[in-house]
Amino acid sequence: MHDLKTRLDMLRGSEKRKNLNARSIAALTANPGCRRRSVLDAAGIDKQLLGSAIGFVMPADQSQFALSRGTAFEAQVKANGCAQLLTLLREKLELELAEVSYDDLETVGGNASPAARHRHTVQLLTQAGSLVDEGGTLFDHPMLELTIGGHPVHLEPDLIAFRFAGKFYIVEIKSFAVVDGQAPAASVAAAELQAAVYVHAMREMVRSHGFSEQIVASEVVLVCPQDFSNRPVAVKIDVTNHVNAVRRQLKRMQRLDSIVAMMPADATLDRWSDPRQLDPRPAEELKSTLRTIEAHYVPQCLGACEMAKFCRSEERGSTAALGRQVREELCGLESVAEVVGLATGTRIPAEDQAEHARLLQLAYSYRTAFLGGAA
Ligand code: SF4
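Remember, predicted model here, so these are calculated numbers, not experimental data. Every chain begins its residue count from 1, and numbering advances along the sequence as written. Totals for whole chains, interfaces and linings use all residues, but because this is a predicted model, local features are given only for residues with pLDDT of at least 70 and pairs of side-chain atoms are given and counted only at 80 or more. Hydrogens and water molecules were not included; the side-chain quantities draw on all heavy atoms of the structure.

> In this structure, what is going on with a nonpolar patch on the surface? I would like to understand it.
The patch calculation keeps residues exceeding 30% relative accessible area without a salt bridge and links them within 9 Å when they carry like charges or within 5 Å when they are nonpolar (Val, Leu, Ile, Met, Phe, Trp, Tyr). Surface exposure here means Shrake-Rupley accessible area, sampled with a 1.4 Å probe, where a residue is shielded only by the protein chains that are shown. Should a side-chain nitrogen of Lys or Arg be within 4 Å of a carboxyl oxygen of Asp or Glu, the pair is scored as a salt bridge. Together, Leu322, Val326, Val336 and Val340 line one region of the surface with nonpolar side chains, adding up to about 270 Å² of accessible area. Think of it this way: any DSSP run of H or I at least four residues long counts as a helix, any run of E at least two long counts as a strand, and we number them from the N terminus. Mapped onto the elements of the fold, Val326 is located in helix 12 (residues 324-329).

Okay, structure coming up:
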């Protein structure tokens, strides 16, 4: 009997492990009921490559333009020891920061390995956590760590951990614009979730070193460009609910034993049949292994998971693929064929479907009249 880590490693096979990051961990909460995604992510399987191998290619999730814009804005806000950021923290957030020290944790004496950076981060942040003075301290690029699927996952944040009045605050710098005080809701939600992943990881770190997790604030500071300029604006957001969602999802990922145990002992999603990676594994074999792990497709998967096209294809013809709200509006019927049959009168309704059929036929008659009128 293998332990969970060994089974997940066998599932990945000869493939290089794809590390999760705050963005992918945050995306896990978009569909918490999906076991397939939990298993694939815990195993470190590259879902983009797997999707391509079975003929369901998803576009890259972030454009190069957005990445470059984000990098440039971050560099601007952090220039000269975070001068712009400090002005924002002082003025907009009404923090009285007389003196601020600044530590860049991007390398440790020229060593940029995640493990070395993580050790250095732990050392500095736990030391700062025990200091009682009220002075501000900025830690740029802290390297955080979570254990997922038995492997350490390093979170390389583009953020700053800011210690003020005995508490750490996560500062996230994002490149989407706030125009007339409004930012795109989806972008804000994604930023909040990512910041929540960092809050959770920092809390795990301080807790494992004997501090109360409350020294990491559940309020995060989000910095974005204002209007159509590069002038930064900052807001404080409480991400308590997101932190709880992230924690619940990561706990679920520690309990994958029973799901993995139901898979055939030799199950693998390795795209290659040989260790030299010369002989591709047949797509049908990969698909049939994937189907042994229960999925829970919802339309939101299209924006959050690289397996979405495959999972959607499995649900073709099912009203579940249209989302819970549409399904409910279609009287909870399970298949699209059943809905169409009842609406068009080509299917005789069962006794308990008479009212559903009446409503669907009414909707269908409106549709026909509308389209006929338009024609
Ligand atoms: S796309 Fe598939 S694997 Fe990904 S979350 Fe949705 S149902 Fe799960």
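> Whenever I open this one, the site of the ligand confuses me. Can you help?
One heavy atom within 4 Å of a molecule or strand is enough for the residue carrying it to be called near that molecule or strand. All residues adjacent to the ligand are Asn31, Cys34, Arg36, Arg37, Ala295, His296, Tyr297, Cys301, Cys305, Met307, Ala308 and Cys311. Among the cavities detected, the one that contains the ligand is the largest cavity. Only helix 3 (35-42) and helix 11 (308-314) provide two or more residues apiece to the shell around the ligand. Just so you know the grouping, Ala, Val, Leu, Ile, Met, Phe, Trp, Tyr, Cys and Pro go in nonpolar, Asp, Glu, Lys and Arg go in charged, and all remaining residues, Gly too, go in polar. Within the shell around the ligand, the residues separate by chemical class into eight nonpolar, two polar and two charged. Put plainly, a pocket is an open set of points on a 1 Å grid over the protein atoms alone with protein on both sides within 12 Å along at least five of seven lines, a cavity is a set where a 1.4 Å probe fits but cannot get out, and a lining residue has an atom within 4 Å of a point. A molecule is said to be in a cavity or pocket once over half of its atoms fall within 2 Å of that pocket's grid points.

> Looking at this structure, how should I read the domain arrangement of the protein?
Accessible area lost upon the coming together of the parts serves often as the stated size of an interface. These domain limits were set by an automatic method or by a database of domain assignments. Domain annotation of the protein identifies domain 1 (4-61 + 251-298), domain 2 (64-241) and domain 3 (320-374). Once you take the C-alpha centre of each, domain 2 and domain 3 turn out to be 50 Å apart.

> Looking at this structure, how should I read unusual backbone geometry?
Trans peptide bonds make up most of the peptide bonds, and negative phi angles are found at most residues other than glycine. In this model, Cys82 sits at a positive phi of 65°, which is unusual for a non-glycine residue. Along the chain, the position of Cys82 falls in helix 5 (residues 64-91). Relative accessible area serves as the criterion here: at 0%, Cys82 is assigned to the buried category. The residue Asp180 is not glycine, and still its phi comes out positive at about 50°. The residue Asp180 is located in the loop between strand 6 (167-173) and helix 7 (185-208) in this model. Relative accessibility decides the category of a residue: with a 1.4 Å probe and only protein chains considered, values under 20% of the type maximum give buried, values over 50% give exposed, and everything between is partly exposed.

> Help me understand the pattern of salt bridges in this model?
Close approach of charged atoms allows side chains with opposite charge to pair. As enumerated under the stated definition, the model contains 20 salt bridges in all. A salt bridge links Lys47 to Glu306; the shortest N-O distance between them is 3.3 Å. In this pair, Lys47 is assigned in helix 4 (residues 47-53) and Glu306 in the loop between helix 10 (283-290) and helix 11, connecting sequence segments 259 residues apart. For the salt bridge of Arg207 with Glu204, the shortest nitrogen-to-oxygen distance reads 2.7 Å. Remark: Glu204 and Arg207 occur in helix 7; sequence separation between them is three residues, near one turn of the helix. Relative accessible area serves as the criterion here: at 44%, Arg207 is assigned to the partly exposed category.

> Please clarify how the nonpolar core should be interpreted in this entry.
Nonpolar side chains in soluble globular proteins generally cluster together in the buried interior. The biggest cluster of nonpolar side chains holds 75 residues, and the ones touching the most others in it are Ile25, Leu125, Leu155 and Met307. Per element, the largest residue contribution to this core is twelve residues, and it comes from helix 7. The two domains that each donate at least three residues to this core are domain 1 (4-61 + 251-298) and domain 2 (64-241). Excluding anything up to four places from it in sequence, Leu125 contacts Leu105, Phe139, Ala161, Phe168, Met202 and Met205. Listed in part, the 18 residues of the second largest apolar core include Leu86, Leu89, Val171 and Val223. As used in this record, nonpolar core signifies buried Ala, Val, Leu, Ile, Met, Phe, Trp, Tyr and Cys residues forming a set joined through side-chain atoms within 4.5 Å. Contact definition: two residues touch when any of their heavy atoms are within 4.5 Å.

> Help me understand the confidence of the model for the protein in this model?
In low-pLDDT regions, the fine details of the predicted coordinates are not to be read closely. A residue's pLDDT is simply how confident the predictor is in it, with values from 0 to 100. Of all residues in the protein, 94% have pLDDT values of 70 or greater, and the mean over the chain is 87. Confidence scores differ between elements of the protein, with strand 5 (residues 160-164) showing the lowest mean pLDDT of 80 and helix 10 the highest of 96.

> What exactly am I supposed to notice about the pairing of strand 6 here?
Regular strands show a simple pattern: their side chains alternate between the two faces of the sheet. Counted residue by residue, strand 6 has six buried out of seven residues, so it is predominantly covered. Strands are labelled as partners when DSSP assigns at least two bridges between them. Sheet topology places strand 5 next to strand 6; five bridges connect them, and they run antiparallel. Each residue of the ladder has a partner; that of Phe162, found in strand 6, is Tyr169. Here strand 5 folds back onto strand 6, and the loop between the two strands holds two residues, one of which, Ala165, carries a positive phi near 50°. Relative to strand 7 (residues 219-225), strand 6 is paired through three bridges, and the arrangement is parallel. Within strand 7, the position partnered with Ile173 by the bridge is Val223. The crossover handedness rule: strands pointing away from the viewer, path from first strand over the helix to second strand clockwise, crossover right-handed. A crossover links strand 6 with its parallel partner strand 7, the connecting element being helix 7, and its sense is right-handed.

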